[in-house]
Amino acid sequence: MKPKIGLMLGGGGAKGGYQLGVIRALEEHNLLDDIEVVAGTSIGAINGLLLCTLNDANKIVEVWEYAQESGFYKQGFTRFKQDKQGLYSLDVLRDIFTHYVKLKDLTKCDKDLYVVASKIIDPKKIVSQIRKDNHEKTVFHVNTHDKPFETVIASASIPLFFGTTYIDEDGYVDGGLTDNNPIDVLIDKGCNVIITVPLDYNLNLSKYINDKILIVNMTDLSLFSNKPVQMAYDIIRFTDDALTERQNYGYFVANEVINNLIDIGILNEDSSLKDSYRSISKFTYIEPSAHTYEKIKELKKQRIITKKEEKKRTKIKTKLSKKIERGKKDGNS
């Protein structure tokens, strides 16, 4: 029996750049075509929409670069001035979707896209955005929804930052508050091979150990901080350098995992699933190997050294420029 393959794209704001690298690796190994269902939360919902409509890693990166140029934060507190429901407006996303995403591509897509948003009881009170007891998990089937863009924007509406998104008079905020890693959605849709790309430390696999599924985790979490302040900063660090770095790491780790799947006999040399794994008989979990983790540690060390060197060179260059400038002034006096 042919397995049903799903892709889970977790939430994590700017850290979603990591998922772009994973998508590129999956594309190069011809694995994207095998994916039948995509489930995403927050930035994972955005990346899921771009994947299902553009189906091209380069084009998805192009959209991200356009978004970087537009910048949520460059526009000032537009949402707060409008209705005091949040600081920033997500109209930038609507503009991006309008320019890059064609609805006909979504309806014709051979992948089902599901996104998670958190419905709130009383959206008129700003405090309800962050009260967990006022949230209800909602799963939208984007392909068939009459407001597909709004479902994705709702999933990415980080409380207080972007405020509430309304769909048919109901208010929604970021899906990460109720399900940041929607594996359940994929299992409910019959997927028994699930590729996961979480961006946080909240991936709970213990509840799936009795399920007959194969979960392949493409994320090396050592790349992301688990300290609250740093986590919050990383979520909003939409810089060009951070995007490039995360993409590169995602691409590197995904390739490592795919090559490992070939080595241990789950994938064939052409990256297709081996016949022995076409029927999943027990819970199986694959994650980046210890060897990959050691490589990542070395790469991070090199990056830190490089950054220190750059900082030192910049400092020397600045001092030299100041001396030259003082010399010019003294010469003119």
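Criteria and cut-off values
- Residues numbered from 1 in each chain as written.
- Predicted model: local features only at pLDDT ≥ 70, side-chain atom pairs only at ≥ 80, totals over all residues.
- Heavy atoms only, no water.
- Axes fitted to C-alpha atoms, helices over the stretch in contact; angles between N-to-C directions.
- Helix = DSSP H or I, 4+ residues; strand = E, 2+ residues; numbered from the N terminus.
- Parallel < 35°, antiparallel > 145°, perpendicular 65-115°, else oblique.
- Left-handed = near helix turned anticlockwise from the far one by under 90°.
- Contact = heavy atoms within 4.5 Å.
- Nonpolar A, V, L, I, M, F, W, Y, C, P; charged D, E, K, R; others polar.
- Buried < 20%, exposed > 50% of the residue type's maximum accessible area, 1.4 Å probe, protein only.
- Pairing = 2+ DSSP bridges.

Participant: Tell me about the packing of helix α2 (residues 43–54) against helix α3 (residues 57–70), residues and numbers included.
Facilitator: Packing of α2 against α3 leaves a shortest axis separation of 9 Å and a crossing angle of 135°. Compared by their axis directions, α2 and α3 come out oblique. Helix-helix and strand crossings are classified by hand; for α2 and α3 the assignment is right-handed. Across the interface between the two elements, I43, N47, L50, L51 and L54 from α2 touch K59, I60, V63 and W64 from α3. The residue inventory of the contact of α2 with α3, partitioned by class, reads seven nonpolar, one polar and one charged.

Participant: For the pairing of strand β8 (residues 214–217), give the residues involved together with the corresponding values.
Facilitator: Look at any regular strand and the pattern is simple: side chains alternate between the two faces of the sheet. Burial along β8 is two-sided: L214 and V216 and I215 and N217, pointing in opposite directions, are all buried. Of the strand pairs in this sheet, strand β7 (residues 193–197) and β8 are connected by four bridges, and their pairing is parallel. From the neighbouring strand, V193 faces β8, where its bridge partner is L214. Alignment of β8 against strand β9 (residues 284–286), held across three bridges, turns out to be parallel. The residue bridging V216 from the neighbouring strand is I286, located in β9.

Participant: Which residues make up the packing of helix α1 (residues 17–28) against α3, and what are the values?
Facilitator: Following both chains from N to C, one finds α1 and α3 inclined at 165°, their axes separated by 9 Å at the closest point. Considered as vectors, α1 and α3 are oriented roughly antiparallel to each other. The two elements α1 and α3 meet at a crossing, and its hand is left-handed. Contacts between α1 and α3 involve G17, L20, I23, R24 and E27 on the former and, on the latter, A57, N58, I60, V61 and W64. Here the contact of α1 with α3 is built from residues that sort into six nonpolar, two polar and two charged.

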